[in-house]
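Understanding the architecture of this molecule
Here is how the chains run, residue by residue.
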Amino acid sequence: LMANWKSGLCRVCADPGGSSICCMAFFCPCVVFGRNMGTLSSKECMCGGEAQIATLAHLVTLFTLPIAGTFMQCFGRSAIRKKYQIPGDDCSDFACSCLCGCCTLIQEYNQIHGSIGASASGRRFGAAMTDVETSNTMDPRPE
């Protein structure tokens, strides 16, 4: 059974990433790339499961040989597409990665974190990773 992407390529402020992931993908795409690749296993992608390695590799390639960064992003997109059984091909992955790299990173992020489940991914990109129990301090204490 084939599925489609959970958000469109141009829906850059869509949940679960929202505007925070949009800004991060624009100003520091290597971090978003690393987070996306960190969700894949080593069988699915060469640096899958190792977010720090993927982030560093993408950062180095973006500044030394930009086309290599595009190829890394293309291979990562292909791995995500295959993992979530989304129709497409390597040519469309390359075209998306080449023409709108930030948009593809956001779409991938939303796909991954929208599929994990509401309990784990209901948080926005920049939100704290721990659940904090809150209480209403306006209620009078029982005496």
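Residues numbered from 1 in each chain as written. Predicted model: local features only at pLDDT ≥ 70, side-chain atom pairs only at ≥ 80, totals over all residues. Heavy atoms only, no water.

Turning next to the state of the cysteines. Evaluation of the coordinates by the stated rule reveals one disulfide. The disulfide partner of C100 is C103, and the S-S distance across this bridge is 2.5 Å. Judged by its relative accessible area of 25%, C100 falls in the partly exposed class. Cysteine C98 is unpaired, with the sulfur of C74 as its nearest cysteine sulfur at 8.6 Å. (Disulfide = S-S within 2.5 Å. Buried < 20%, exposed > 50% of the residue type's maximum accessible area, 1.4 Å probe, protein only.)

A few words on the confidence of the model for the protein. Of the residues in the protein, 78% reach a pLDDT of 70 or more, and the chain-wide mean stands at 79. Contacts of residues 118-141 to residues separated by more than four positions or lying in other chains number 23 contacts, the stretch itself having pLDDT below 50. (pLDDT = per-residue confidence, 0-100. Contact = heavy atoms within 4.5 Å.)

This part covers the environment of G18. Among the secondary structure elements, G18 is positioned in helix α1 (residues 18-27). Considering only alpha carbons, one finds G18 and I106, 88 residues apart in sequence, at a separation of 9.0 Å. (Helix = DSSP H or I, 4+ residues; strand = E, 2+ residues; numbered from the N terminus.)

Right, let's get into the side chain of H58. Locating H58 in the fold gives a position in helix α3 (residues 51-64). According to the relative accessible area criterion, H58 is buried, its value standing at 0%. Setting aside anything within four residues of it in sequence, one finds H58 in contact with P29, C30, F33, G69, M72 and Q73.

All told, the structure shown has three aromatic pairs when counted by the stated rule. Through successive ring pairs, a cluster of aromatic residues spans F71, F75 and F94. (Phe/Tyr/Trp six-rings, centres within 6.5 Å; stacked < 30°, edge-to-face > 60°.)

The omega angle of the peptide bond from D15 to P16 is 10°, so this bond is cis rather than trans. Mapped onto the elements, P16 comes out in the segment before α1. The residue Q85 is not glycine, and still its phi comes out positive at about 55°. Within the secondary structure, Q85 is located in the loop between α4 (66-83) and α5 (90-99). Since its relative accessible area comes to 43%, Q85 is described here as partly exposed.

The topology assignment puts G101 in helix α6 (residues 101-116). G101 gets classed as buried once you look at its relative accessible area, which sits at 19%. Taking C-alpha positions, G101 is 7.6 Å from T70, a pair spaced 31 residues apart along the chain. Non-local contacts of G101, meaning those with residues more than four positions away in its chain, are made with Q73 and C96.

Moving on to α6. Here α6 spans 23 Å end to end across 16 residues, near enough to the 22 Å set by a 1.5 Å rise per residue. Burial analysis of α6 places 12 of its 16 residues in the buried class, which makes it a mostly covered element. Along α6, the residues that are buried comprise G101, C103, T104, L105, I106, Q107, E108, Y109, N110, Q111, I112 and H113. (Expected span 1.5 Å × (residues − 1).)

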